[in-house]
Amino acid sequence: MTTRHLQGVTLECVQGDIARQPDMDAIVNAANAELRIGGGVAGAIHRGAGPELERECQPLAPIQPGQAVITGAHNLPNRSVVHCLGPVYGVDEPAEPLLASCYRNALELAEQNELGSIAFPAISTGAFGYPLEAATQVAFKTVLEMLPQLSSVKHIRFVLFQKADARVHEEVLERLLD
Ligand code: AR6
């Protein structure tokens, strides 16, 4: 686990399950365009939230790559879920700005809703095939660029399912900050 304090914001990388982050105001879903239950992160979040989440999502769908929408968290212990549609690697182009938009739009929604903390998974790096290290660089660059604009968000956590992925995040963050 890595923790950094930057411009009044705590930035963390932890190994864990995005659906088990009870101290976070918002958790981010690596969603599908239809905002339905799926595999990976979307499966864990929808299972934790219960069927009311899909019902709340339906009027907001479909969403486009790079877009983010916010809902309640239902049976999850958080206030909100931010649903981001990452790019399918090799299909939705240009991939880098589309992935960056996910992180930027999610943070903007958190600000608009006056949330203090938000946890991200590694969007697009599972079923959507984005190489992990490249995706990690986009994620951290975008978050670091956003830091001066944040006023309500004071705590950003990256939650990686696998230990090796958490290590890649720690290494990329160290390199960017050196
Ligand atoms: N907590 C944290 N990270 C997780 C979890 C979890 N519970 N489960 C998986 N990961 P993915 P995508 C990691 O596939 O690539 C879905 O079926 C995983 O190891 O969830 O954006 C949706 O319905 C990987 O590194 O999201 C969409 O159709 C990362 O989270 C599609 O997959 C993202 O994996 C979205 O694909």
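What counts, and at which threshold
Residues numbered from 1 in each chain as written. Predicted model: local features only at pLDDT ≥ 70, side-chain atom pairs only at ≥ 80, totals over all residues. Heavy atoms only, no water. Phe/Tyr/Trp six-rings, centres within 6.5 Å; stacked < 30°, edge-to-face > 60°. Helix = DSSP H or I, 4+ residues; strand = E, 2+ residues; numbered from the N terminus. Buried < 20%, exposed > 50% of the residue type's maximum accessible area, 1.4 Å probe, protein only. Near = heavy atom within 4 Å. Polar contact = N/O pair within 3.5 Å; in protein donor to acceptor, adjacent residues only side chain to side chain. Areas by Shrake-Rupley, 256 points an atom, 1.4 Å probe, with all protein chains shown as cover. Nonpolar A, V, L, I, M, F, W, Y, C, P; charged D, E, K, R; others polar. UniProt positions renumbered as here; feature names shortened; annotations may be inferred. Pairing = 2+ DSSP bridges. Axes fitted to C-alpha atoms, helices over the stretch in contact; angles between N-to-C directions. Contact = heavy atoms within 4.5 Å. Right-handed = clockwise from strand over helix to strand, strands pointing away. Core = buried A, V, L, I, M, F, W, Y, C linked by side-chain atoms within 4.5 Å.

A word on the packing of aromatic side chains. For any pair of aromatic rings, the description rests on two quantities: the centre-to-centre distance and the angle between the ring planes. As enumerated under the stated definition, the model contains five aromatic pairs in all. Aromatic side chains Y103 and F120 sit 4.9 Å apart centroid to centroid with 40° between the ring planes, which places their arrangement in the tilted category. Here the residue Y103 occupies a position in helix α3 (residues 95–112), and F120 occupies one in strand β6 (residues 117–120), the gap between them amounting to 17 residues. Just as Y103 is buried, F120 falls in that class too. Measuring from centroid to centroid gives 4.6 Å for F140 and F158, while their planes differ by 55°, and the two rings are tilted. Placement of the pair is F140 in helix α4 (residues 132–146) and F158 in strand β7 (residues 155–160), with a sequence separation of 18 residues. Accessibility classification places F140 together with F158 in one group, the buried group. Aromatic rings pair up to connect Y103, F120, F140 and F158 into one cluster.

Take the site of the ligand next. Lining the immediate surroundings of the ligand are 22 residues, of which N32, V41, S124, T125 and G126 lie closest. Note that an oxygen atom of the ligand is positioned 2.8 Å from one of the backbone N or O atoms of S124. When isolated, the ligand has an accessible area of 710 Å², and the protein chains bury 87% of it. Residue classes in the shell around the ligand are distributed as twelve nonpolar, nine polar and one charged.

UniProt records the feature "domain: Macro" (unreviewed entry) at residues 1–177, using the numbering of this structure. Strand forms 21% of residues 1–177 and helix 37%; the C-alpha atoms that close the span are 16 Å apart.

What follows covers the sheet that holds strand β1 (residues 2–6). Taken together, the seven strands give an open sheet; going across it, the order is β1-β2-β7-β6-β3-β5-β4, and neighbouring strands pair in mixed fashion. Looking at which strands have only one partner, the edges of the open sheet turn out to be β1 and β4 (68–72). The sheet shows a mean angle of 20° between the axes of neighbouring strands, direction not considered. Where β4 lies against strand β5 (residues 80–84), five bridges are found, and the strand directions are antiparallel. Looking across to β5, one finds that I70 is bridged to V82. Where helix α1 (residues 40–49) meets the sheet, it contacts β3 (26–30) and β5, and its direction lies at approximately 135° from that of β3. Relative to β7, α4 is tilted by about 175°, and along the sheet it contacts β1, β2 (9–15) and β7.

Right, let's talk about the pairing of β7 for a bit. Counting buried positions along β7 yields six of six residues, so the element is predominantly enclosed. A two-sided burial pattern is seen for β7, the buried positions comprising H155, R157 and V159 on one face and I156, F158 and L160 on the other. Strand direction decides the pairing type here: β2 and β7, joined by six bridges, are parallel. Looking at the pairing, C13 lines up with F158 of β7. Of the strand pairs in this sheet, β6 and β7 are connected by four bridges, and their pairing is parallel. Within the sheet, the bridge partner assigned to F120 lies in β7 and is F158. You can see the chain leave β6, run along α4 and come back into β7, and the turn it takes is right-handed.

Take the nonpolar core next. Looking at soluble globular proteins, one finds that nonpolar side chains tend to be buried together. One finds V82, Y103, L107, I118, F120, I156 and F158 to be the most contacted residues of the largest nonpolar core, which totals 42 residues. Taken together, the elements giving at least two residues each to this core come down to β2, β3, β5, α3, β6, α4, β7 and α5 (163–177). At nine residues, α3 tops the list of elements feeding residues into this core. Contacts of V82, omitting those with residues within four sequence positions, involve A26, I27, V28, N29, A68, V69, I70, A106, L109 and I118.

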